[in-house]
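# Survey of secondary and tertiary structure
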Amino acid sequence: MTSQVRGVQLARLLGQWHALPGRRRSPDYVALAAAVRGLLADARLPLGIRLPAERELAEALRISRTTVTAAYRELRETGHLASRRGAGSWTMLPGTHRVASTGLWTPLDDREMIDLGVAALAAPPQLVPAARAAAEDLPRYLGGAGYHPTGIIELREAVARGYTERGLATSPEQIMVTSGTQHALDLVLRLALSPGGAVLVESPTYPNALAALAARRARITTHGLSDDGWDADLLLGSLRQTRPKLAYVIPEFHNPTGHLMAADLRERLVGAAHAAGTDLVVDESFVDLPLDGTPLPPPVAVFDRHSRVISIGGMSKPYWGGLRIGWVRASAPQVQRLAAARVGVDMASPVLDQLVAVHLLTQAPTIVAARRAQLAAQRDALVAALADRLPEWRVTVPRGGVTLWAELDGPISSALARAAEEVGVRLAPGPRFGLDGTLERFLRLPFTLPATELVEAVGRLAAVRYDLDRAGRPQWREPSVIA
Ligand SMILES: Cc1ncc(COP(=O)(O)O)c(C=O)c1O
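This is a predicted model, so every value here is computed, not measured.

Quick notes on the rules
Residues numbered from 1 in each chain as written. Predicted model: local features only at pLDDT ≥ 70, side-chain atom pairs only at ≥ 80, totals over all residues. Heavy atoms only, no water. Pairing = 2+ DSSP bridges. Helix = DSSP H or I, 4+ residues; strand = E, 2+ residues; numbered from the N terminus. Axes fitted to C-alpha atoms, helices over the stretch in contact; angles between N-to-C directions. Contact = heavy atoms within 4.5 Å. Buried < 20%, exposed > 50% of the residue type's maximum accessible area, 1.4 Å probe, protein only. Near = heavy atom within 4 Å. Polar contact = N/O pair within 3.5 Å; in protein donor to acceptor, adjacent residues only side chain to side chain. Areas by Shrake-Rupley, 256 points an atom, 1.4 Å probe, with all protein chains shown as cover. Nonpolar A, V, L, I, M, F, W, Y, C, P; charged D, E, K, R; others polar. Parallel < 35°, antiparallel > 145°, perpendicular 65-115°, else oblique. Left-handed = near helix turned anticlockwise from the far one by under 90°. Expected span 1.5 Å × (residues − 1).

## Side note on the sheet that holds strand β7 (residues 246-249)
Across the sheet, seven strands lie side by side as β4-β10-β9-β8-β7-β5-β6; this open sheet has mixed pairing. Because the sheet does not close on itself, it has two edges, and the strands there are β4 (175-178) and β6 (219-224). Within the sheet, the average angular offset between the axes of one strand and its neighbour, ignoring direction, is 20 degrees. Strands in contact with helix α7 (residues 153-165) are β4, β9 (309-314) and β10 (326-329); relative to β4, the strand with the most contacts, it is inclined by about 120 degrees. Set on the sheet, helix α8 (residues 181-192) makes contact with β4, β7, β8 (279-283), β9 and β10; between it and β9 the angle comes to about 155 degrees.

## Some words on the sheet that holds strand β12 (residues 403-407)
Overall, antiparallel pairing links the four strands, which are arranged β11-β12-β15-β14 in an open sheet. Each end of this open sheet is capped by a strand with a single partner; those strands are β11 (394-395) and β14 (428-429). Pairing geometry for β11 and β12, over two bridges, is antiparallel. Bridge pairing in β12 links R394 to E407.

## Observations concerning unusual backbone geometry
Cis geometry is found at the peptide bond from S203 to P204, where omega equals 5 degrees. Examined against the element boundaries, P204 turns out to sit in the loop between β5 (198-203) and α9 (207-215). Note that the residue after N255, namely P256, is joined by a cis bond; omega there is 15 degrees. Following the sequence through the fold, P256 ends up in the loop between β7 and α11 (263-276). Positive phi is not limited to glycine here, since R324 has a value of about 55 degrees. For R324, the location among the structural elements is in the loop between β9 and β10. Among the residues examined, R324 registers a relative accessible area of 37% and is labelled partly exposed.

## Comments concerning the pairing of strand β15 (residues 442-446)
Sheet faces and side chains relate simply in a regular strand, where the side chains alternate between the two faces. Taking burial as the measure, the five residues of β15 include five buried ones, the bulk of the element. Note that β12 and β15 share five bridges and pair antiparallel. Bridging across to β15, L404 finds its partner in L445. As defined by bridge partners, β14 adjoins β15 across two bridges and the pair is classed as antiparallel. Residue pairing for β15: A428 is matched across the bridge by R444.

## Details of the site of the ligand
Around the ligand, the structure places 14 residues, and the nearest of them are T181, D283, S316, K317 and R324. In the environment of the ligand, an oxygen atom lies 2.7 Å from a nitrogen or oxygen atom belonging to the backbone of T181. Take S285: an N or O atom from its side chain is 3.2 Å from a nitrogen atom of the ligand. Considering the ligand on its own, with 400 Å² of exposed area, one finds that the protein chains cover 95% of that surface. Among the residues forming the shell around the ligand, the class breakdown is five nonpolar, six polar and three charged.

## Considering the packing of helix α5 (residues 127-137) against helix α13 (residues 351-362)
Running from N to C, α5 and α13 point in directions that differ by 120 degrees, and their axes come no closer than 8 Å. Here α13 runs oblique to α5, going by the angle between their axes. The element α5 and its partner α13 pack so that their crossing is right-handed. Residues L127, A130, A131, A133, A134, A135 and D137 of α5 pack against L352, L355, V356, H359 and L360 of α13.

## Here we look at the packing of α13 against helix α14 (residues 364-389)
At a minimum axis distance of 5 Å, the contact between α13 and α14 shows a crossing angle of 80 degrees. Overall, the two elements α13 and α14 adopt an arrangement that is roughly perpendicular. Seen from α13, the contacting residues are L360, L361 and T362; seen from α14, they are A364, P365 and I367. Classifying every residue of the contact of α13 with α14 gives five nonpolar, one polar and no charged.

## Here we look at the environment of D137
Note on placement: D137 falls in helix α5. Taking the C-alpha atoms as reference points, D137 and L355, separated by 218 residues in sequence, lie 7.4 Å from one another. Filtering out sequence-adjacent residues up to four positions away, D137 remains in contact with L355 and H359.

## Points about the side chain of S179
Locating S179 in the fold gives a position in the loop between β4 and α8. In this structure the side chain of S179 is engaged in a polar contact, spanning 3.2 Å, whose partner is the side chain of S349. Setting aside anything within four residues of it in sequence, one finds S179 in contact with R324, I325, G326, R342, D346, S349 and P350.

## Examining the side chain of T294
Position of T294 among the secondary structure elements: in the loop between β8 and β9. A relative accessible area of 10% means that T294 is categorised as buried. Looking at T294, its side chain comes within polar contact range of the main-chain oxygen of R399, at 3.4 Å. When neighbours within four sequence positions are excluded, T294 is seen to be in contact with F253, L260 and R399.

## Considerations on helix α4 (residues 65-77)
Residue pairs three or four apart in sequence face the same way in an α-helix, which turns once every 3.6 residues. Helix length check: α4, at 13 residues, gives a terminal C-alpha distance of 18 Å against a target of 18 Å (1.5 Å per residue), a fit within 8%. For α4, every residue scored as buried is listed here: T67, V68, A70, A71, Y72, E74 and L75. One or two residues past the end of α4 sits G79, with phi positive at roughly 85 degrees.

These values are about where atoms sit, not about what they do.
Structure follows, in structure tokens:
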């Protein structure tokens, strides 16, 4: 079934399309086509969706139908629109672009591109030795069928120990190993949310969490974070008022803003969630990465007396994303239910990868200390380069995690991302972290690449920023995975 975007909806998504930087001398139809391509590139307009009839869009945008006709013709010529007489026009992409099964994009390997769209580090040097040691361990498992829906016991024990050391007594029966944190979220949503269920998320938030929620057809409401993070009264108030089935939060070094939720709000949040009948999904992806010796508040689940809190986390941020190991911490019965749900999805995670994770976790203090030192140095280099080259941008220095959330000197994030592709910098513009095309004044910048690359990227962004008004018509480029 093809879904359709109505004229008024597309007009809202297009926003200030006629006033976008870089279009001063181009005709309206070119600017309109470029803006539609931009929406496709940002995944704010899905592929295969039917665009409004020309007359309907012209009315919604209050422009002439000829302009819309010319824009649609241009989109057909660039391979972004397919039309059939009498049936309408659908969004598509030029032939060489591939869509990943998640609906996000598989990037081409482009070695010249500085990729600031992905907030994850390269693997640590301990990875290959850990993989060799894991292969040595494998024979212990080869006598069985190899399916462990909740994960191999060694890894569940190691993860449970990590929680207990953080002050949250946890047994291996409360842990289920998954293929990454994203998989953990998807499984939890399958279990805890029926289609159309109401969910409260932070705004901005992690885009792939929004994708997982969209896949469950969740009805999403948002809590807007401010410069200082969560506003306790507003957050608890919206829980009380909307009583969502579920709330998804990232309390440790929130992606993208880097905020850390204070202990007292954690406690009040759990209480309010219980009173509202809301399950809390707590994404602890960045909990291992406080910088500058920042002390960590207790895990949110410490305050949970009613099995309201489901914690998810994984190896990707402190260790390596390519390992695809994550987990859920919940009550033992919830873990059993998740494991049963999982059998209909992927049965179990690979044993070998779990063994690699076990070996890495035995070296956690060494590996994580090195990661923190590396991230702090890279963050400082990025902040210094921004202060030097783009002093109009406002940056709050995060005390942990891997990203900062810059406030730009105008609503230019998507235009900047498009222009940056031209100079070999891939960005995740602000609107990717929200729902409704807002957040154009913001840009997430990860500090996961080496300092030299970050400084080079900022130099290129500064050049592009000041050129934006004079830039020519943006060329179509491959959209990117955001992580
Ligand atoms: C908040 C958050 N949750 C989940 C993920 C996905 O993690 P994984 O690679 O473990 O699936 C990320 C990755 O960027 C993230 O930032």
